[in-house]
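Commentary on secondary and tertiary structure
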Amino acid sequence: MLTNIISISLGAILINNFIFSQFLGCCPFLGCSSKVETATGMGLAVVFVMGLASAICWVIDQYLLVALHLEFLQTLAFILVIAALVQFVEMFLKKSVPSLYSALGIYLPLITTNCAVLGVVLLNVQNDYNFLESLVYGITGGLGFMLAIVLFASVRERTEFSDYPECFEGFPICLVSAGLLALAFMGFSGMQIF
Amino acid sequence: MSSILLAILVLGVLGGIFGAVLAFASKIFYVEVDPKQEAIRACLAGANCGGCGYPGCDGYAAAVAAGEAPTNRCVAGGAECAEKVARIMGVDVGASEPMVAFVPCSGTEGHAEKRFNYNGPKDCQAAMLFGGKSNKTCTFACIGLGNCVKVCQFGAMEIVDGIAKVNRAKCVGCGACAEACPKSIIKMIPASQKVMPACNNHDKGAKVMKMCDFGCIGCMKCQRECPADAIVVKDNLAVVDVTKCVQCGHCADICPRHIITYFGKRQEATAE
């Protein structure tokens with residue numbers, strides 16, 4: 001059991017990193033990575049939402065969709081769950097934990113449309129994970145996203161002061177460095193743990 | 001057929017439940033916001049420049065609504081905004097003298113001596129790493145790599161001939177540039193103040209002569225000739241006392257180094 005959890009975690013963080021090897025959640029990855037601080041905020045919000053969404057979607061899937069043989073509705077139902085969940089969490093945080101709310105700020109509602117969140121719940125179903133495994137996969141998938149976006153933000157902060165041809169100014173250099181980072185993460189692919 | 005009905009039913013019920021939960025939650029988790037705060041927020045300039053000293057426009061609006069902040073702090077919004085906010089709070093406007101940024105340096109490209117050619121990152125802070133004073137010999141000079149330009153939300157800062165220049169028509173006086181300047185040479189001055197010595201150098205005259213074609217040498221001519229005794233040479237640098245200055249512009253005319261700047265159109269100096 002424990003080895004299984006560890007292998008899922010390492011797999012989600014490094015080997016099958018959501019951004020670098022599954023190419024999910026690329027939009028916030030490029031949009032929110034100009035500063036390490038904002039990247040960390042976005043990363044934390046994604047960890048939070050992915051973990052919660054995995055747990056709740058697993059329950060909905062098992063006890064509603066599978067039970068009624070409505071598996072084909074998964075995508076639709078999951079989007080509904082995620083959107084409602086994010087709204088609910090936002091309201092809850094605003095009232096109960098205002099400090100966390102102001103830290104996550106704009107990123108929380110942005111995550112509603114993050115395909116990595118939908119990806120993680122669909123992959124949970126695909127991989128036949130049980131409740132605990134789903135939860136772990138959701139949280140560690142989020143951590144993988146956070147690792148990627150924080151790494152990339154620190155790269156971008158450095159490129160701001162470095163000397164590169166003018167035609168690469170702005171987005172081009174950003175995409176090139178993202179590609180190189182993805183290449184580095186490809187080094188993990190095919191690795192087997194336990 | 002039944003599976004279609006079931007699908008519609010399940011999704012419909014699911015959506016209905018979520019909707020109900022959210023509606024219910026919005027009542028439970030409703031955070032009371034002072035209606036004044038929202039009204040004040042709507043009046044502010046919305047640039048989130050931080051010129052008021054609070055974290056963004058929301059922070060300032062909350063502070064005003066709580067009665068902790070004066071109503072005239074929004075520099076970007078100006079007098080019009082202060083009046084609206086004061087009306088909401090039901091207090092007197094109070095005078096808020098608009099401020100503008102001013103760069104007290106005239107050491108343009110080719111006129112200020114350089115210690116070396118700097119090819120590093122285009123950032124004043126980075127350039128300061130070379131002995132804490134950039135590539136100009138004058139330790140008080142504007143580096144001219146534009147940290148102030150980067151932080152200006154209003155496009156009022158530009159680098160002209162190697163030093164920062166303020167576009168007074170665009171400047172709202174938020175003071176972000178003064179805070180960003182690693183040499184702290186940018187000053188905030190009242191917009192009505194017409195004359196200002198554009199030099200910041202406290203070195204002795206002979207030394208300034210060598211370093212810069214325009215630096216203040218502390219010759220005291222302005223101090224002697226000022227009709228209002230408003231300009232005084234202190235530590236080898238002319239300083240204008242804005243409370244005494246009558247804006248006649250005489251000092252700008254007689255300065256042998258031509259560094260006393262006169263803003264705007266000259267009115268006939270009234271000889272008293």
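Residues numbered from 1 in each chain as written. Chains lettered and ligands numbered in written order. Predicted model: local features only at pLDDT ≥ 70, side-chain atom pairs only at ≥ 80, totals over all residues. Heavy atoms only, no water.

**Overview of the nonpolar core**
Side chains of nonpolar character tend, in soluble globular proteins, to be buried together. Put simply, the rule is: The nonpolar core is taken to be a set of buried Ala, Val, Leu, Ile, Met, Phe, Trp, Tyr and Cys residues, with the residues joined through side-chain atoms within 4.5 Å. Each residue gets one of three labels from its accessible area relative to the maximum for its type: buried under 20%, exposed over 50%, partly exposed in between, using a 1.4 Å probe on protein chains only. Note on contacts: a residue pair qualifies if any of its non-hydrogen atoms lie within 4.5 Å across the two residues.
Phe18(A), Phe20(A), Phe29(A), Met42(A), Ile111(A), Val121(A) and Tyr137(A) are the most contacted members of the largest nonpolar core, which totals 62 residues. Setting aside chain neighbours within four positions, we find Met42(A) in contact with Pro28(A), Cys32(A), Tyr107(A), Ile111(A), Phe145(A) and Ile149(A). Membership of the second largest hydrophobic core comes to 46 residues, among which are Val100(B), Phe102(B), Cys181(B) and Met211(B).

**Thoughts on the environment of Gly110(B)**
Stated precisely, the cut-off is as follows: Each helix corresponds to a stretch of at least 4 residues labelled H or I by DSSP, and each strand to a stretch of at least 2 residues labelled E; elements are numbered beginning at the N terminus.
Examined against the element boundaries, Gly110(B) turns out to sit in the loop between strand 1 (99-102) and helix 5 (124-128). When its relative accessible area of 65% is taken as the criterion, Gly110(B) is described as exposed.

**Points about the pairing of strand 7 (residues 237-240) of chain B**
Residues and elements named next belong to chain B. Worth spelling out the cut-off: A pair of strands is treated as paired once DSSP finds two or more bridges between them.
With four bridges joining them, strand 6 (residues 231-234) and strand 7 adopt antiparallel strand pairing. Within strand 7, the position partnered with Ile 231 by the bridge is Val 240. Linking strand 6 back to strand 7 in an antiparallel pair, the connection comprises two residues, with Asp 235 at a positive phi of about 50°.

**Looking at helix 3 (residues 56-65) of chain B**
Residues and elements named next belong to chain B. Along helix 3, seven of the ten residues are buried, which leaves the element largely enclosed by surrounding structure. Residues of helix 3 that are buried include every one of Gly 56, Cys 57, Tyr 60, Ala 61, Ala 63, Val 64 and Ala 65, and no others. Of the surrounding secondary structure, the elements contacted by the buried residues of helix 3 are helix 2 (35-43) and helix 4 (78-89). At the exit of helix 3 stands Gly 67, carrying a positive phi of roughly 80°.

**So, the confidence of the model for chain B**
All names here are of chain B. To keep it simple, the criterion reads: Known as pLDDT, the predictor's confidence for each residue is given on a scale from 0 to 100.
Per-residue pLDDT for chain B has a mean of 83; in total, 94% of the residues score no lower than 70. Segment residues 268-272: pLDDT under 50, and one contact once partners within four positions in sequence are set aside and those in other chains are kept. Scored as a complex, the prediction yields pTM 0.62 and ipTM 0.75.

**What to know about the packing of helix 8 (residues 131-159) of chain A against helix 9 (residues 171-186) of chain A**
A pair of packed helices is captured by two measures, namely the crossing angle of their axes and the spacing between those axes. Residues and elements named next belong to chain A. To keep things clear, this is the line we draw: Helix axes are fitted only over the stretch in contact, all axes being lines through C-alpha atoms; the angle between N-to-C directions runs from 0 to 180 degrees. What sets the label is the angle itself: under 35 degrees gives roughly parallel, over 145 gives roughly antiparallel, 65 to 115 gives roughly perpendicular, and the rest give oblique. Take the far helix as your reference; a near helix turned counterclockwise from it by less than a right angle gives a left-handed crossing, and one turned clockwise gives a right-handed crossing. Classification convention: Asp, Glu, Lys, Arg as charged; Ala, Val, Leu, Ile, Met, Phe, Trp, Tyr, Cys, Pro as nonpolar; all other residues, Gly among them, as polar.
The geometry of helix 8 relative to helix 9 is characterised by a closest axis approach of 10 Å and an angle of 135° between their N-to-C directions. With respect to helix 9, the axis of helix 8 lies oblique. Crossing hand, helix 8 versus helix 9: right-handed. Residues Leu 147, Leu 151, Phe 152, Val 155, Arg 156 and Thr 159 of helix 8 lie in contact with helix 9, whose contacting residues are Ile 173, Cys 174, Ser 177, Ala 178, Leu 181 and Phe 185. Here the residues of the contact of helix 8 with helix 9 are counted per class, giving nine nonpolar, two polar and one charged.

**Considering the confidence of the model for chain A**
Per-residue confidence for chain A gives a mean pLDDT of 87, with 97% of residues at or over 70. Of all the helices and strands in chain A, helix 5 (residues 98-104) of chain A carries the lowest mean pLDDT, 74, while helix 8 of chain A carries the highest, 93.

**Some remarks on unusual backbone geometry**
In this model, His69(A) sits at a positive phi of 55°, which is unusual for a non-glycine residue. Relative to the helices and strands, His69(A) is located in the loop between helix 3 (36-66) and helix 4 (74-96). Judged by relative accessible area, His69(A) falls into the exposed class, the value being 62%. Residue His258(B) is not a glycine yet carries a positive backbone phi of 55°. Examined against the element boundaries, His258(B) turns out to sit in the loop between helix 10 (250-254) and strand 8 (260-262).

**A short note on the interface of chain A and chain B**
To keep it simple, the criterion reads: Using a 1.4 Å probe, buried area is obtained as the accessible area two parts lose upon being combined, added over both of them. Here a salt bridge means any side-chain nitrogen of Lys or Arg lying within 4 Å of a carboxyl oxygen belonging to Asp or Glu. Pairs of N or O atoms within 3.5 Å make up the polar contacts considered here, provided that, within protein, one atom can donate a hydrogen while the other can accept it, and that residues adjacent in sequence are counted only when both atoms are side-chain atoms.
In this assembly, 20 residues from chain A lie in contact with 18 residues from chain B. Around 1,600 Å² of area is buried between chain A and chain B when both sides are counted, 90% of it from carbon and sulfur atoms. Broken down residue by residue, the surface that chain A buries against chain B is led by Met91(A), Lys95(A) and Phe161(A), which jointly contribute 30%. One can count zero salt bridges joining chain A with chain B. At the junction of chain A and chain B, the tally comes to one residue pair in polar contact (both at pLDDT 80 or more). Looking at the side of chain A that touches chain B, the elements that each hand over two or more residues are helix 3 and helix 4 of chain A. In terms of residue count, helix 4 of chain A provides more of the side of chain A that touches chain B than any other element does, twelve residues in total.

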